[in-house]
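Listed below, chain by chain, are the residues.
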Amino acid sequence: MSILWRDAMSRALYGPGGFFVAGTGPADHFRTSVHASPAFATALLRLVTEVDAALGHPSRLDVVDVGAGRGELLQSMLGLVASEDNVGVAVGVSGEPTRAGRSGLIPPRAGSPETLTPTASVRRSPDEPSLVAVRPSLADRIRFTAVEYADRPENLPEEINWTAAIPDEITGVLLATEWLDNVPLDVAVHTEDGWRYLLVDPDSGAESVGEPVSPDDHDWLTTWWPSPETPHSDHRRAEIGRTRDEAWANAVQKIEQGMAVAVDYGHLRESRPADGTLNGYRGGRQVPPVPDGSSDVTAHVAMDSVASAGAAVARCAYSLVLQREALRALGADGGRPPLSLAGTDPVGYVRALAAASAVAELTDPAGLGGHWWLRQPVGIPLGPVVAR
């Protein structure tokens, strides 16, 4: 029996025995920035420290990962925080300190959060009056929460909370790395009668044309995915991103103060793909998008539409840049280590070269570097995302 794509995706991905609920997790089927290099978690932690500073270093700093897989990103960030003594997180590639001269990292600018002397580490003599209050370290204040429908992994560190719903009253950072592309949506086809829903048989993936789209979906298509104006425009596909807009707006609404960050592959209004982007992945390979629960079913995100929905809730300007720009601004540039390092520290040179290669994968414009980064602040200033 054929049903709407949104219903088919919901069952296939998140229903009983669904792709993201059962099994060992998405890491066995496709590679994301989280899995590509520890530098990704390192860069995100730098962003977290910048938000922490903008918030005035609150007593509790939330870091919430929506669509957390099996908690890989938060485990990496937890390890980085635990390895640092204080708030001034020295962001290095693959966990190495920046003072070792590793490449793949742009040196922090003077006065940035990672170069400031942490308040908790200021020393004074017993007779010297205190000029500043001692502030607990980031490790003491940060609270990690993973949001995922799957059961909590057995070996997940106890410092990471595990929940199926986005918590309320977040003060800090909400992360959504390749989450929105798996939010179920409807698919439409443009016919002589206008936009109509596409139906799908969940067992075979066979499609058929259904009823005209609803008024709300028609309005979304008119605004964000305009009809082609060519003589042969029939049968053009569109993925209706209204459900993603609503999911993102709901996530942003959970933030009391801080920032929401979405990292995903997507497109903008002026360059929507004529045939859509619906696809499937299983076992590291691209497969037909059959919504039977055996594979990932995904579609690129209409990033400008999502950004507009988040801004309407937050009432703050947003930033939308490509991943290679965002990571460069956060310190990861993928540069090769100086050859002189090979003479003084051969082992360090090899490690640095490998780390630089991993960062290069994250910033490759034809791959992960082509992902979009949407930063939506809530109640804090939006700093510029520019390479320094």
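What counts, and where the lines are drawn
- All residue numbers here refer to positions counted from 1 along the written sequence of the relevant chain.
- Residue-level local features of this predicted model are given only where pLDDT is at least 70; pairs of side-chain atoms are given and counted only at 80 or more, and the full residue set underlies all totals for whole chains, interfaces and linings.
- In computing side-chain properties, one takes all heavy atoms of the structure into account and sets aside hydrogens as well as water.
- Take a side-chain nitrogen of Lys or Arg and a carboxyl oxygen of Asp or Glu: if they are within 4 Å of each other, that pair is a salt bridge.
- The cut-offs for exposure are 20% and 50% of the maximum accessible area for each residue type, with area from a 1.4 Å probe on protein chains only; residues under the lower value are buried, those over the upper are exposed, and the others partly exposed.
- Helix numbers and strand numbers start at the N terminus; a helix is a DSSP run of H or I with at least 4 residues, a strand a run of E with at least 2.
- Aromatic contacts are taken between Phe, Tyr and Trp rings whose centres are within 6.5 Å, Trp giving its six-membered ring; a plane angle under 30 degrees counts as stacked, one over 60 as edge-to-face, and the others as tilted.
- Per-residue confidence from the predictor is given as pLDDT, running between 0 and 100.
- Contacts: residue pairs with any heavy atoms within 4.5 Å of one another.
- By convention a nonpolar core is built from buried Ala, Val, Leu, Ile, Met, Phe, Trp, Tyr and Cys residues, the set being connected through side-chain atoms within 4.5 Å.
- Strands are labelled as partners when DSSP assigns at least two bridges between them.
- To get an axis, fit a line to the C-alpha atoms, keeping to the stretch in contact for a helix; angles then go from 0 to 180 degrees between the N-to-C directions.
- An arc is given here, and it is the one of the directions from the helix axis to the C-beta atoms.

Let us now look at the pattern of salt bridges. In total, this model carries nine salt bridges according to the counting rule given. Arg196 is the partner of Asp193 in a salt bridge, and the nearest nitrogen-oxygen pair spans 3.8 Å. Residue classification places Asp193 among the exposed positions, given a relative accessible area of 62%. Linked through salt bridges whose partners overlap, the residues forming this network are Asp217, Arg242 and Glu246.

Positive phi, close to 55 degrees, is recorded for Glu169, a residue that is not glycine. When you line up the elements, Glu169 lands in the loop between strand 4 (160-163) and strand 5 (170-177). Residue class for Glu169 comes out exposed when judged on its relative accessible area of 59%. Residues other than glycine seldom take positive phi values, yet Glu178 does so here, at roughly 55 degrees. One can find Glu178 in the loop between strand 5 and strand 6 (186-191). On the basis of relative accessibility, which here comes to 15%, the residue Glu178 falls in the buried class.

Let us look at the environment of Gln323. The topology assignment puts Gln323 in helix 9 (residues 323-329). Here the alpha-carbon distance between Gln323 and Leu368, two residues 45 residues apart in the chain, equals 7.3 Å.

Attention now goes to the packing of aromatic side chains. Under the definition given, this model contains four aromatic pairs. Judged by centre distance (5.3 Å) and plane angle (65 degrees), the ring pair of Tyr14 and Tyr149 falls under edge-to-face. One end of the pair, Tyr14, is in helix 1 (residues 5-14); the other, Tyr149, is in the loop between strand 3 (142-147) and strand 4, and 135 residues separate them in sequence. When the centroid spacing of 5.1 Å and the interplanar angle of 80 degrees are considered together, the rings of Phe19 and Phe20 count as edge-to-face. Accessibility expressed as a relative area gives 6% for Phe19, which makes it buried. Look at Phe20 and you get buried, because its relative accessible area is 6%. A network of ring pairs unites the aromatic residues Tyr14, Phe19, Phe20 and Tyr149 as a single cluster.

Averaged over the protein chain, the pLDDT score is 82; the fraction of residues at 70 or greater is 76%. Segment residues 85-125 is flagged for pLDDT under 50; beyond a separation of four residues in sequence, or across chains, it makes 96 contacts in the model.

The biggest cluster of nonpolar side chains holds 42 residues, and the ones touching the most others in it are Phe40, Met77, Phe144 and Trp373. By residue number, the principal contributor to this core is helix 3 (residues 38-54), which donates nine residues. With residues up to four places along the chain from it excluded, the contact list for Met77 reads Ala41, Leu44, Leu45, Val48, Val63, Phe144 and Leu175.

Attention now moves to the sheet that holds strand 13 (residues 285-287). With antiparallel pairing, three strands are arranged side by side in an open sheet as 13-12-14. Every other strand in the sheet has two partners, leaving strand 13 and strand 14 (296-298) as the edge strands with one partner each. Strand-to-strand twist of the sheet, defined as the mean angle between neighbouring strand axes without regard to direction, takes the value 35 degrees. Inspection of the sheet shows strand 12 (residues 279-282) paired to strand 13 by three bridges, in the antiparallel sense.

With that settled, consider the sheet that holds strand 4. Whenever strands of a sheet pair, they do so through backbone hydrogen bonds, lying parallel or antiparallel. If you trace the seven strands from one edge of the open sheet to the other, you get 4-3-2-5-10-17-16, paired in mixed fashion. Looking at strand neighbours, the two that pair on one side only are strand 4 and strand 16 (319-322), the edges of this open sheet. Pairs of neighbouring strands in the sheet enclose a mean axial angle of 20 degrees, with direction left out of account. Relative to strand 4, strand 3 runs parallel, the two being bridged by four bridges. Bridging from a neighbouring strand, Ala146 pairs with Trp162 of strand 4. Sheet strands in contact with helix 4 (residues 72-83) are strand 2 (61-66), strand 3, strand 4 and strand 5, and its direction is about 170 degrees off that of strand 3. Sitting on the sheet, helix 7 (residues 242-253) touches strand 5, strand 10 (255-264) and strand 17 (372-378), and the angle it makes with strand 10 is about 145 degrees.

All buried positions along helix 1 are accounted for by Trp5, Ala8, Met9, Ala12 and Leu13. Buried residues of helix 1, viewed axially, fall in a sector of 110 degrees; they line one side. On its buried side, helix 1 packs onto strand 1 (3-4), strand 6, strand 7 (194-200), strand 8 (207-212) and strand 14.

By the secondary structure assignment, Ser295 is in the loop between strand 13 and strand 14. Given the relative accessible area of 1%, Ser295 is considered buried. Leave out the neighbours within four places in its chain, and Ser295 touches Leu13, Phe19, Tyr281, Arg282, Val287, Pro288 and Val290.

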